[in-house]
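Chain and residue survey
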Amino acid sequence: MSRNPMIARTVPLLRRAVDGLRARKATVALVPTMGALHDGHVSLVRLAQRRADKVVVSIFVNPAQFAPTEDFGSYPRTWKADVGKLAAEKVDVIWNPGVKIMYPDGFATRIVPEGPATVGLEDRFRPHFFGGVATVVGKLFTQVRPDFAIFGEKDFQQLRVVTRMARDLDLGVKVIGSRTVRESDGLAMSSRNVYLSPQERRAAPELYRAMKEAARRLKAGDDVATAMAAGAELIRAAGFALDYFELRHAETLVPVTSADGGPSRILAAARLGKTRLIDNVAV
Ligand code: PAF
């Protein structure tokens, strides 16, 4: 049985809805999304429901995190299907502000994250990105005032950036990472996978396969440079243009040169035609 979530489109209505949820001391979890929901998002919602009594999902395609050359205009928007999925999951509130609500005329304040936002991964290729994410997520946190917020590990650097921001700004929300959900062939679920042509879709799982192979070699004791160079070669051989393929410390995201220097993570971004895929695996 599905249950229609309450849909809020202004801050006062959202506040009233969340105050209602909080009656009798219920805890609230927020799942921030840009819509075009897939099973990865559903798993975030389910984790939110395990952590908190009530769940708010935000759907807002945030112009501030897209460069003018990127896909803000064509980003998939599937509102009806999204509401259906969230109703099936019995989500309590959908927060769906318009651009003018989020960024009213005269908007002049931005959050500029440092630390994990400036380690030379996504920030090197999308310099506008984390400022846009931090600003909108900061706003979502102060609008909803959740106890918990759930982010997918697929955007691993983003997870580290918002975790740091919530701590640094005392936002009173515990950020929780949720495991990446994959298609049966290993491709990480992403709203942008719809951009892949059938031929690109067949090649796409090679990114994950190469990351797993590099992780296996590192665990087996291969030196970092050799294992990572072999992984990068596999990705290029599958037809990708590689942005980065790196071993980083799993907490700080600084480069690591040895797999036994603490928990580490392989992070990759690569382009297949016009589609840019990102992914990561633990080592
Ligand atoms: O990961 C996303 O979908 C977005 O970057 C987020 C966190 C919803 C902010 O717009």
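Refer to the structure above for everything that follows.
Here goes a summary of the coordinates provided.

Rules used in this analysis
Residues numbered from 1 in each chain as written. Predicted model: local features only at pLDDT ≥ 70, side-chain atom pairs only at ≥ 80, totals over all residues. Heavy atoms only, no water. Pairing = 2+ DSSP bridges. Helix = DSSP H or I, 4+ residues; strand = E, 2+ residues; numbered from the N terminus. Axes fitted to C-alpha atoms, helices over the stretch in contact; angles between N-to-C directions. Salt bridge = Lys/Arg side-chain N within 4 Å of Asp/Glu carboxyl O. Buried < 20%, exposed > 50% of the residue type's maximum accessible area, 1.4 Å probe, protein only. Parallel < 35°, antiparallel > 145°, perpendicular 65-115°, else oblique. Left-handed = near helix turned anticlockwise from the far one by under 90°. Contact = heavy atoms within 4.5 Å. Nonpolar A, V, L, I, M, F, W, Y, C, P; charged D, E, K, R; others polar.

1. Description of the sheet that holds strand E7 (residues 241-249)
- Across the sheet, which stays open at both edges, the three strands sit in the order E7-E8-E9 with antiparallel pairing between neighbours. Both edges of this open sheet fall to E7 and strand E9 (275-282), since each of them pairs with a single strand only. The mean angle between the axes of side-by-side strands here comes to 10°, regardless of whether they run parallel or antiparallel.
- Where strand E8 (residues 264-272) meets E9, eight bridges bridge the pair, whose relative direction is antiparallel. What sits directly across from Leu 267, in E9, is Asn 280.

2. Some remarks on the pattern of salt bridges
- Inspection of every chain in the model, using the stated rule, returns 19 salt bridges.
- Linking Glu 70 and Arg 126 is a salt bridge whose minimum nitrogen-to-oxygen distance equals 2.8 Å. One end of the pair, Glu 70, is in the loop between strand E3 (54-59) and helix H3 (79-88); the other, Arg 126, is in the loop between helix H5 (122-125) and helix H6 (129-144), and 56 residues separate them in sequence.
- For Glu 70, a relative accessible area of 25% translates into the label partly exposed.
- A relative accessible area of 9% places Arg 126 in the buried class.
- Salt bridges sharing partners connect three or more residues here, namely Glu 122, Asp 243, Arg 271 and Arg 276.

3. Let's talk about the packing of helix H9 (residues 206-219) against helix H10 (residues 224-237)
- Orientation of H9 relative to H10, taken along the N-to-C sense of each, is 165°, at an axis distance of 9 Å. On the basis of the axis angle, H9 is roughly antiparallel to H10. Classified by chirality, the crossing of H10 by H9 is right-handed. When H9 is examined against H10, the residues Leu 207, Ala 210, Glu 213, Ala 214, Arg 217 and Leu 218 are found in contact with a partner set consisting of Val 224, Thr 226, Ala 227, Met 228, Ala 230, Gly 231, Leu 234 and Ile 235.
- Of the residues in the contact of H9 with H10, the class split is 10 nonpolar, two polar and two charged.

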